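Working through the structure, step by step
This is what each chain is made of:
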Amino acid sequence: MSNHQEPILSVKHLKTRFHTAEGTVYAVNDVSFDLYDKETLAVVGESGCGKSVTMMSILGLIPIPPGEIAAGEAHYLERDLLKCTENEMETIRGREIAMVFQDPMTSLNPVLSIGHQITESLRCHLNMNQEEANQRAVEMLESVGIPDPASRLKSYPHQFSGGMRQRVMIAMALACSPNVLIADEPTTALDVTIQAQIMELVHEIRQRMSMSIIWITHDLGVVAGMADRVIVMYAGYIMEQASVIDLYEQPHHPYTLALLAALPRVDLRREHRLLSIPGAPPNLLVEPVGCPFTARCQLAFEHCRIERPPLFTTGEGHQAACWLDPKTGKPR
Amino acid sequence: MNSSLESSSPAPAVQDMLEAPPLTLGQLTWRRFRRHKMAIFGAVTLFLLFIYSFGGAFIFSEQYANFTETGARLQAPSSTHPFGTDTIGRDILARTIYGGQISLFIGLTAVIIELLMGVMIGAISGYYGGRIDALLMRFTEAVLNIPQIFLLLVMAKFFAGKLPNIQVLGRTFSGSVVVIIFIIGLTSWPYLARIVRAEFLSLKENDFVMAARATGTSSTEIIFRHILPNSIAPIVVSGTLGVANAILSEAYISFLGMGVQPPTATWGNMLEGAYNYIESSPWLWFFPGMLILLTTLSINFLGDGLRDALDPHSRAA
């Protein structure tokens, strides 16, 4: 997206740690990114790379202790979210920034009716009375494609299927028309057809309600269809940041390259086994000295082990944290 | 999805099944409770006991229950006094009726105090964890470490006679009733607090709690609207059994003469007067004793039935 625009959410040098019995887990390390108005930003990376923890840190949902936000700022409309009190955060969560979680089967309270759960945020954020809130809830359920919404308000979560529940979760998140929607792998627990429906739904809602979306996923296929810009994370660090077209056409980081190579393709004839990246992600209990991807990187050289590469600007809105210059293919 | 179902036009029986509204939680609970014969017996008996104690007041006045007639002391059951008379000639039938009111009232209100204390302390302890939890749990253990009976007796002795009599609805109650309610309530909550804490510890890790926080729900709202309803089953069961315990505790202290003071009758203090006449006048202890037995027994059956009905893990037919 254009750079002359002011970002709606700007995260700077975020560091999140967890102090566990085994030692300190360096979950998020020096993560900075901007989210602009009305854009969809995808955050990709393998499990445990700090995608969700980053977002939960921003929303103040990290349990402290054992968690700790060691450093950083998260500016949302002039306010630093990381310095807000719990009471201030309660007015922001759900109202300004809403979140949809991964598993719709467990994210709804089994003993409360759907209506109660959707209207809860309306009543506390917008001071609606029960009747107004119900009316709004019916509209929301209708807009996420739940048939016969008025009678469904009294239903309980166990009376819905997985896809329907995720629709309900989205209706809940969108009830107060937030400016930012954080979707934390909302389709991973669903089968592929439902996944496509949910993506279509979110895409359509973004157009209609004009909001910004942060879409956390480990599915690069989802990213291609949804996002404007992509952040690739690895071991709690941002590896590459680019517009979605740039990222697919000319990835500048060896990790992104490897990820794309490991993508199964249905449109190509299968000539060899599906590629995978050898090795395992580094232990987050030790803060890496050099580049965290060194051990699995085929292009790694001596300098990678000694010093961690900062994010180099490698093109228009394109950044990669690698000591290799993508244009020349030589070490910097 | 729906259109494909309609177009395939299923057999009428299947359609009925599809259209039957799903059972609500309450209906499911009732279905399971109904199968529990002893629980039904307990519920019916309890209902009858309530009718006996509160309905009986329309037949006998309280003055009659407290009326002493020294000429008619220690009379065996007869047509004028169906349950006999006590050591100072009061009618035992009328006294069991009014005593029942007090005993059941003490049982219920003491449990309300127990529930308030236990749920509050357990919920705050389990939800917030950390230092608050450590502090509250050490306090709970401290209370738990004092033998309840001695605590009851000491407190009963200490507060005895410190409260004036209370006038409610034109009737006079000994101030000791309130004392007994509070000391039973304030000594019985620790077990409940531990149960609630354990429930909260596991429930707060659920995704729906995180989801509720992410929509800006406040902690109080999460504790009382989201987590508490999920832990209602053990609380209801424990509360039910608590009523039986409270009635027994009241009987116990009153039997030792430190509970509710006469002339206000309770099943417990009626037993006290019977102590010296166990063999010579068995009707003195038989009727109040049987009523206590019947009440606690049916409450325990009821609690058992509720446990089975409310616990989703025991789906046994």
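Secondary structure summary: chain A contains 11 helices and 12 strands in total. A compact globule built from 332 residues should have a C-alpha radius of gyration of about 20 Å, and chain A, at 21 Å, falls within 12% of that. Expressed as lengths along the three principal axes of its C-alpha atoms, the size of chain A is roughly 65 × 50 × 45 Å. Counting the 332 residues in chain A, one finds 45% classified as buried.

Each helix and strand counted, chain B has 14 helices and 2 strands in total. When each of the 317 residues of chain B is scored for burial, the buried share is 39%. Sequence separation of at least 24 residues holds for 70% of the intrachain contacts in chain B that already meet a minimum separation of 6.

Residues and elements named next belong to chain A. Packing of helix H6 (residues 162-174) against helix H7 (residues 192-209) leaves a shortest axis separation of 10 Å and a crossing angle of 20 degrees. Comparing their axes, H7 and H6 come out roughly parallel. By crossing handedness, the relation of H6 to H7 is classed as right-handed. Contact with H6, carried on its side by Gly-162, Gly-163, Gln-166, Ile-170 and Leu-174, involves Ile-194, Gln-197, Ile-198, Leu-201, Val-202, Ile-205 and Met-209 of H7 and no other residues of that element. Taken together, the residues that form the contact of H6 with H7 break down as 8 nonpolar, 4 polar and no charged.

Residues and elements named next belong to chain B. The N-to-C vectors of helix H4 (residues 37-55) and helix H14 (residues 283-310) enclose an angle of 135 degrees; their axes lie 7 Å apart at closest approach. Considered as vectors, H4 and H14 are oriented oblique to each other. In terms of crossing hand, the pair formed by H4 and H14 is left-handed. On H14, the residues touching Met-38, Ala-39, Phe-41, Gly-42, Ala-43, Thr-45, Leu-46 and Leu-49 of H4 are Leu-294, Thr-295, Ser-298, Ile-299, Phe-301, Leu-302, Asp-304 and Gly-305. A class-by-class count of the residues in the contact of H4 with H14 yields 10 nonpolar, 5 polar and 1 charged.

It is worth spelling out the sheet that holds strand E1 (residues 9-20) of chain A at this point. The strand order across the open sheet formed by 4 strands is E2-E1-E4-E5 (chain A), and the pairing between neighbours is antiparallel. Only two strands of the sheet have a single neighbouring strand rather than two, namely strand E2 (23-35) and strand E5 (79-80) of chain A.

On to the environment of Val179(B). Residues and elements named next belong to chain B. Its place among the elements puts Val-179 in helix H9 (residues 176-203). Distance in space between the C-alpha atoms of Val-179 and Val-260 is 8.5 Å, their sequence separation being 81 residues. Other than its neighbours up to four places away in sequence, Val-179 contacts Ala-156, Phe-159 and Leu-163.

The pairing of strands in a sheet happens through backbone hydrogen bonds and is either parallel or antiparallel. Residues and elements named next belong to chain A. Read across the open sheet, the 8 strands follow the order E6-E7-E8-E3-E9-E10-E12-E11; overall the sheet is mixed. Because the sheet does not close on itself, it has two edges, and the strands there are strand E6 (97-100) and strand E11 (312-315). Across the sheet, the mean angle from the axis of one strand to that of its neighbour is 20 degrees, orientation sign disregarded. Here 3 bridges tie E11 to strand E12 (residues 318-320), and the two strands are oriented antiparallel to one another. The residue bridging Gly-315 from the neighbouring strand is His-318, located in E12. Docked against the sheet, helix H1 (residues 51-58) engages strand E3 (40-44), strand E7 (180-184), strand E8 (212-217) and strand E9 (229-234), running at close to 145 degrees with respect to E8.

Right, let's talk about the interface of chain B and chain A for a bit. Accessible area lost during the coming together of the parts is what is often quoted as the interface size. Each partner contributes to the interface: chain B provides 16 residues, whereas chain A provides 24 residues. Here the side of chain B that touches chain A gets 6 residues from one element, more than from any other, and that element is helix H10 (residues 207-214) of chain B. Here the residues of the side of chain B that touches chain A sort into 6 nonpolar, 8 polar and 2 charged.

What follows deals with the environment of His303(A). Tracing the chain through its elements places His303(A) in helix H11 (residues 302-306). Excluding residues within four positions of it along the chain, His303(A) makes contact with Trp323(A) and Pro331(A).

Residues and elements named next belong to chain A. Summarising burial for E9: 6 of the 6 residues are buried, a large majority. Burial along E9 is two-sided: the residues Arg-229, Ile-231 and Met-233 and Val-230, Val-232 and Tyr-234 are all buried. Where E9 and strand E10 (residues 237-243) come together, 6 bridges link them in antiparallel fashion. Each residue of the ladder has a partner; that of Arg-229, found in E10, is Ser-243.

Looking now at the confidence of the model for chain B. Residues and elements named next belong to chain B. Averaged over every residue, the pLDDT of chain B is 81; the share at 70 or more is 88%. Scored below 50 in pLDDT, residues 1-17 makes 2 contacts in the model with residues more than four places away or belonging to other chains. Model confidence for the complex is summarised by a pTM of 0.77, with the ipTM given as 0.77.

Moving on: the nonpolar core. Grouped together as the largest cluster of nonpolar side chains are 155 residues, with contacts concentrated most on Ala171(A), Ile214(A), Met239(A) and Ile180(B). If sequence neighbours within four positions are ignored, Ile180(B) has contacts with Ile106(B), Ala156(B), Glu250(B), Ile253(B), Gly259(B) and Val260(B).

Leave glycine aside and you will find that most residues have negative phi; peptide bonds, for their part, are mostly trans. Residue and element names in this part refer to chain A. Not every positive phi belongs to a glycine, and His-13 is a case in point at roughly 50 degrees. Looking at the secondary structure, you find His-13 in strand E1. Backbone geometry places Lys-38, a non-glycine residue, at a positive phi of 60 degrees. In this fold, Lys-38 is placed in the loop between E2 and E3. Judged by C-beta crowding, with 16 C-beta atoms within 10 Å, Lys-38 ranks as partly exposed.

What follows concerns the pairing of strand E4 (residues 67-76) of chain A. Residues and elements named next belong to chain A. Bridge count for E1 against E4 is 8 bridges, and the pairing is antiparallel. Residue pairing in the sheet places Val-11 in a bridge with Ala-74 of E4. As defined by bridge partners, E4 adjoins E5 across 2 bridges and the pair is classed as antiparallel. Its bridge partner lying in E5, His-75 is registered against Asp-80. Taking the residues between adjacent antiparallel strands as the criterion, E4 and E5 are bridged by 2 residues, where Leu-77 takes a positive phi near 45 degrees.

On to the environment of Asp103(A). Position of Asp103(A) among the secondary structure elements: in the loop between E6 and helix H3 (114-126). By the C-beta count within 10 Å, which is 20 here, Asp103(A) ends up buried. In this structure, the C-alpha to C-alpha distance between Asp103(A) and Ala189(A), residues 86 residues apart in sequence, is 5.7 Å. Not counting chain neighbours up to four residues away, the residues in contact with Asp103(A) comprise Ala189(A) and Asp207(B).

This next bit is on helix H10 (residues 254-261) of chain A. Among the residues making up H10(A), those that are buried are Pro254(A), Tyr255(A), Thr256(A) and Leu259(A). The elements touched by buried residues of H10(A) are helix H8 (220-226), E9, E10 and helix H9 (244-249) of chain A.

Calculation criteria
- Residues numbered from 1 in each chain as written.
- Chains lettered and ligands numbered in written order.
- Predicted model: local features only at pLDDT ≥ 70, side-chain atom pairs only at ≥ 80, totals over all residues.
- Helix = DSSP H or I, 4+ residues; strand = E, 2+ residues; numbered from the N terminus.
- Rg over C-alpha atoms; globule rule 2.2 N^0.38 Å.
- Buried ≥ 20, exposed ≤ 12 C-beta atoms within 10 Å, placed from the backbone.
- Contact = placed C-beta atoms within 7 Å.
- Axes fitted to C-alpha atoms, helices over the stretch in contact; angles between N-to-C directions.
- Parallel < 35°, antiparallel > 145°, perpendicular 65-115°, else oblique.
- Left-handed = near helix turned anticlockwise from the far one by under 90°.
- Nonpolar A, V, L, I, M, F, W, Y, C, P; charged D, E, K, R; others polar.
- Pairing = 2+ DSSP bridges.
- pLDDT = per-residue confidence, 0-100.
- Core = buried A, V, L, I, M, F, W, Y, C linked by C-beta atoms within 7 Å.

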